[in-house]
Amino acid sequence: MNSETKIKQLIEENELLKEIYTEQITRTTSSQQRCNSGRCYAEALCWTDREIEKAGTALISILEKNEKRQSIIKNLKESRHYNLFHDLNDTAFIRTVWEYNAQGINRIFRIYLGGNPPKRYAAIDSISCKQDDPRFVQRVDSIMTAVTTPFKDRSSLSFFELSLKIAPAILNINGRDEVARYEPLTAGYNSEAFMAVKNIDWSLYKYSVLLVPGFGPEKEGVRIHEKGITRCKMAAERFKSGLAPLIIVSGGHVYPFRTPFSEAVEMRRYLIEELDIPKEAVIIEPHARHTTTNIRNATRLLYRFDIPDTLPGLVVTDAAQVNMIKNLASRCIRELGYVPYKNVNVLNENEVEFTPSTQALQINLEDVLDP
C-alpha cells in the first residue's frame, strides 16, 4: 500500500472525521425538508467552526503517526500554493492549510447559495439569482438530492467529499464554472502553444512573453472592447518585431455580469483571425478578473508551461493601466496577501516590464472565481 492510499484509508477510518461526516450528511439531508431559500441551504452545508477545528485536529493526529509526514508537508510546500504559511511549524502549517481550504468551500456556499456579497467586486462576482427565488431553490433541491443520495449509505468515505461534490454543482447552477471551464490550460486553446514552447530558443528574445490584459465590454452581446482590440494591435506589432516568442492574453468572463464571452478567448481570436498571429504563439489565460490577477495568472502560466523565469515579461497595454500597474504592489498586498512579481519597470506609456515570482503560485480562496 503506497503512502497516499494509506493516508486516504486512515482518513476514512478516523472516528472523529466519521463523526463529522455523519453530522454533515444528517444536517444536509434534513435541510431538504425545511429549507425554502438558498441561505437556509448554505447554513446547512457550511462547515461550522467546531467541525473545522475538530477536523484539523484529526488531520494533524493522522499525519503525526505517518512515517511519510515530512514528505507530505514538503510536497505541499513545494507546490508553492501555500507560500504565505511556509514559516509556520509543521502542525500549524497543516492546520492553517486545512482551515484555509475549508473556509474557501464555505465562501462558495455563502455567496452562491446564501447570496452574501463577495468581499470585493460584487457587481461582477455575486450570486446569479435571488437566493429565495423559488426556481433557484428548486434547482438547489434537485442538486442536493442527486449529490447526497449516493452518499447516505457509504461508510468508507473521505470526510470532505460531500462538500467537494456540492460546491462545483452550486457554481454550475450560477453559471460560474469559469475556474474549471478551460482546464487543463495546457490543452484546448493552448495546445499548440504548449507544444511549441519546448522548441523555443530563448536566447533570441528580450522577453519571455508579451502580456495583454483584457478590457471587458460594458454592453450585452459585445465580444471584444475597442480597448482590447487596441492592446492586441500593440502586442502584435511587438511580436512581429521579435521582442518575444509568445503572447499571453489575459481576462475571464468579467463584464458585463455573467457575460458568455471570455476576454482572453476573444483577444486570441482577434490576434489570429485579424492580425495573422500564429496559433502556436498565443496563450489564453481565461480566469483573471482584475489587473492584479492578470499579472499573477500570467506568471503562473510561465511556470506551468516551463517558460524560463530568468527573462522578464512585458505588459502591453494603454497608459491608464500602465499608471495603475506602476502602483499595483499595495493593492496586491491588500487583495491577494502578497505581490505576485519581484518588480515592475515602466518603460513608457504602453509597456511595463515585470519579473516573475513563485509567490504568484499562492492560491487566493477569498476570490472564488479566480483563486
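About the criteria used
- Residues numbered from 1 in each chain as written.
- Predicted model: local features only at pLDDT ≥ 70, side-chain atom pairs only at ≥ 80, totals over all residues.
- Heavy atoms only, no water.
- Buried < 20%, exposed > 50% of the residue type's maximum accessible area, 1.4 Å probe, protein only.
- Helix = DSSP H or I, 4+ residues; strand = E, 2+ residues; numbered from the N terminus.
- Pairing = 2+ DSSP bridges.
- UniProt positions renumbered as here; feature names shortened; annotations may be inferred.
- Disulfide = S-S within 2.5 Å.
- Axes fitted to C-alpha atoms, helices over the stretch in contact; angles between N-to-C directions.
- Parallel < 35°, antiparallel > 145°, perpendicular 65-115°, else oblique.
- Left-handed = near helix turned anticlockwise from the far one by under 90°.
- Contact = heavy atoms within 4.5 Å.
- Nonpolar A, V, L, I, M, F, W, Y, C, P; charged D, E, K, R; others polar.

## Focus: the pairing of strand E4 (residues 313-316)
Move 1: What you see with E4 is no split at all: Gly-313 and Val-315 on one side and Leu-314 and Val-316 on the other are buried throughout.
Move 2: Pairing analysis gives two bridges linking strand E1 (residues 210-213) to E4, with the strands arranged parallel. Its bridge partner lying in E4, Leu-211 is registered against Val-315.

## Some words on the UniProt feature "domain: DUF218" (unreviewed entry) in the protein chain
Move 1: Listed under "domain: DUF218" (unreviewed entry) in the UniProt record, and renumbered for this structure, are residues 230-361.
Move 2: Strand forms 20% of residues 230-361 and helix 39%; the C-alpha atoms that close the span are 30 Å apart.

## Observations concerning the state of the cysteines
Move 1: One pass over the structure, following the stated rule, counts one disulfide.
Move 2: One disulfide bridge connects Cys-35 with Cys-40, the sulfur atoms lying 2.0 Å from each other. Between Cys-35 and Cys-40, the S-S torsion sits near -65 degrees, and that sign places the bridge as left-handed. Neither residue differs from the other here; Cys-35 and Cys-40 are each classed as buried.

## Re the sheet that holds strand E5 (residues 341-348)
Paired through their backbone hydrogen bonds, the strands of a sheet run either parallel or antiparallel.
Move 1: Pairing within the open sheet is mixed, and its six strands lie in the order E3-E2-E1-E4-E6-E5. A strand with exactly one partner marks an edge of an open sheet, and here the two such strands are strand E3 (282-285) and E5. On average, each strand axis in the sheet is inclined to that of its neighbour by 25 degrees, with strand direction left out of account.
Move 2: Direction of pairing for E4 relative to strand E6 (residues 351-356): antiparallel, over a ladder of four bridges.

## Observations regarding the packing of helix H2 (residues 15-34) against helix H3 (residues 38-45)
Move 1: Running from N to C, H2 and H3 cross one another at 165 degrees; their axes reach a closest spacing of 9 Å. One way to sum up the angle between H2 and H3 is to call them roughly antiparallel. At the point where H2 passes H3, the crossing takes the right-handed sense. In this structure, H2 contributes Arg-27, Thr-28, Ser-31, Gln-32 and Arg-34 to the contact, and H3 contributes Cys-40, Tyr-41, Glu-43, Ala-44 and Leu-45.
Move 2: Residues belonging to the contact of H2 with H3 are distributed by class as follows: four nonpolar, three polar and three charged.

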